[in-house]
Amino acid sequence: MKQINIKDLDVKVDITNILNAVTLKQEVLIDVNGKVYIDEECPLSIPLVFKLSAQESVSSLLDVKAMALNIFKDYKPTIAGTICTFKPIMGWQEIIFLNQPRMLYFDHQSDGVELFEDKEIEDYGWNAVACDISYREITEFIESNCNGTFVFYDNEIQFNGFVLVDDLEDTRKKVKSFIVNKIKEKIEDDDVEIDDSEVQESIEYFGIKV
């Protein structure tokens, strides 16, 4: 899984098309790679770092550089010719909000991962807890074994981030297989109480024969 520390990221975009879109009052999206989407959707597997809605107005009386500086004013932009370079870290909270509909989970320094946004994977996680398999173990497995992007902010004092996966169906299959194998190992090693009702429910949910 690709890992991006937002504090180290600079994004470069050609402002020509962006300024034209602003004049025409079109929506502008920019992804983590600097690709610009004008009145079109960004793929759900790619993190967004910037959005300018079609309703936002920018004075066309400004010159090109002034317009670009105004559009990206919250991101510490620098302009060189038609290339604008900006720092997404300046809009980190907005970036989290932008990606909420597409993230699999949000990881917070104090709360950890409380919920998988995909219902199927959340059901797997919920049923795995009874067998002493934590959400942290599941997320570490996802980050090590599934394709996607982990965007995070880490300055050695504060940490949080979110994960987007490339193929949700593939991730579901891998997570379920991982949990089933972990439960089987625990049963073999006598690390779970087979007689516990919640453990029995979990075993039954995952279709494990004992």
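We now turn to the structure provided with this report. What you see is a predicted model; the values in this text were computed from it and never measured.

On to the sheet that holds strand E1 (residues 2-5). The strand order across the open sheet built from four strands is E1-E9-E10-E8, with neighbouring strands paired in mixed fashion. In this open sheet, the two edge strands, each paired with only one partner strand, are E1 and strand E8 (105-108). On average, each strand axis in the sheet is tilted by 15 degrees relative to the strand beside it, whichever way the strands run. Alignment of E1 against strand E9 (residues 148-154), held across four bridges, turns out to be parallel. Across the sheet, residue Gln-3 finds its bridge partner in E9, namely Phe-150. Contacts from helix H3 (residues 92-99) reach E8, E9 and strand E10 (159-165) within the one sheet, and its direction differs from that of E10 by about 30 degrees. Its contacts with the sheet place helix H5 (residues 135-145) against E8, E9 and E10, and it is angled at close to 115 degrees to E8.

Our next topic: the pairing of strand E5 (residues 48-52). E5 sits mainly inside the fold: four of its five residues count as buried. Two elements, strand E3 (residues 28-31) and E5, share four bridges in a ladder whose sense is antiparallel. Counterpart to Val-28 in the pairing with E5 is Leu-52.

Across the sheet, which stays open at both edges, the three strands sit in the order E4-E3-E5 with antiparallel pairing between neighbours. In this open sheet, the two edge strands, each paired with only one partner strand, are strand E4 (36-38) and E5. When strand polarity is set aside, the average angle formed by the axes of neighbouring strands in this sheet is 15 degrees. Pairing of E3 with E4 involves three bridges; the strand directions are antiparallel. Bridging from a neighbouring strand, Val-28 pairs with Ile-38 of E4.

Turning our eyes to something else, we now look at H5. Among all positions of H5, only Tyr-135, Ile-138, Thr-139, Phe-141, Ile-142 and Glu-143 are buried. Of the surrounding secondary structure, the elements contacted by the buried residues of H5 are E8, helix H4 (119-128), E9, E10 and helix H6 (168-188).

In this section: a negative patch on the surface. Where like charges cluster on the molecular surface, the negative patch consists of Asp-132, Glu-185, Glu-188, Asp-189, Asp-190, Asp-191, Glu-193, Asp-195, Asp-196, Glu-198, Glu-201 and Glu-204. Broken down by secondary-structure element, the contributors of at least two residues to the negative patch are H6 and helix H7 (197-205). Per-element accounting of the negative patch gives the leading share, three residues, to H7.

Let us look at the packing of aromatic side chains. Considering all chains together, one arrives at 15 aromatic pairs under this definition. Ring geometry for Phe-72 versus Phe-86: centroids 4.9 Å apart, planes at 15 degrees, classification stacked. Residue Phe-72 is found in the loop between helix H2 (64-71) and strand E6 (78-80), and its partner Phe-86 is found in strand E7 (residues 83-86); the two are separated by 14 residues along the sequence. Where Trp-92 meets Phe-162, the ring centres are 5.8 Å apart and the plane angle is 15 degrees; that geometry is what we call stacked. Of this pair, Trp-92 sits in helix H3 while Phe-162 sits in strand E10, and the two are 70 residues apart along the sequence. Looking at Trp-92, the relative accessible area reads 5%, which means it is buried. Of the residues examined, Phe-162 reaches a relative accessible area of 0% and is grouped as buried. In textbook terms, an aromatic cluster arises when at least three aromatic residues are bridged by ring pairs, as seen for Phe-50, Phe-72, Tyr-75 and Phe-86.

Oppositely charged side chains may form a pair once their charged atoms are brought near each other. According to the stated counting rule, one finds ten salt bridges in the structure shown. One salt bridge in this structure joins Lys-7 and Asp-8, with 3.3 Å as the shortest N-O distance. According to the relative accessible area criterion, Asp-8 is exposed, its value standing at 55%. Within the structure, one salt-bridge network assembled from shared partners comprises Asp-118, Glu-120, Glu-169 and Arg-172.

Side chains of residues three or four places apart in an α-helix project in the same direction, reflecting 3.6 residues per turn. Of all the positions in H4, only Ile-121, Glu-122, Tyr-124, Gly-125, Asn-127 and Ala-128 are classed as buried. Buried positions along H4 lie against H5, H6 and H7.

Cut-offs and rules
Residues numbered from 1 in each chain as written. Predicted model: local features only at pLDDT ≥ 70, side-chain atom pairs only at ≥ 80, totals over all residues. Heavy atoms only, no water. Pairing = 2+ DSSP bridges. Helix = DSSP H or I, 4+ residues; strand = E, 2+ residues; numbered from the N terminus. Axes fitted to C-alpha atoms, helices over the stretch in contact; angles between N-to-C directions. Contact = heavy atoms within 4.5 Å. Buried < 20%, exposed > 50% of the residue type's maximum accessible area, 1.4 Å probe, protein only. Patch = residues over 30% accessible without salt bridge, like charges linked within 9 Å, V, L, I, M, F, W, Y side chains within 5 Å. Areas by Shrake-Rupley, 256 points an atom, 1.4 Å probe, with all protein chains shown as cover. Salt bridge = Lys/Arg side-chain N within 4 Å of Asp/Glu carboxyl O. Lys, Arg positive; Asp, Glu negative; His and termini not counted. Charge placed at Lys NZ, Arg CZ, Asp CG, Glu CD. Phe/Tyr/Trp six-rings, centres within 6.5 Å; stacked < 30°, edge-to-face > 60°.

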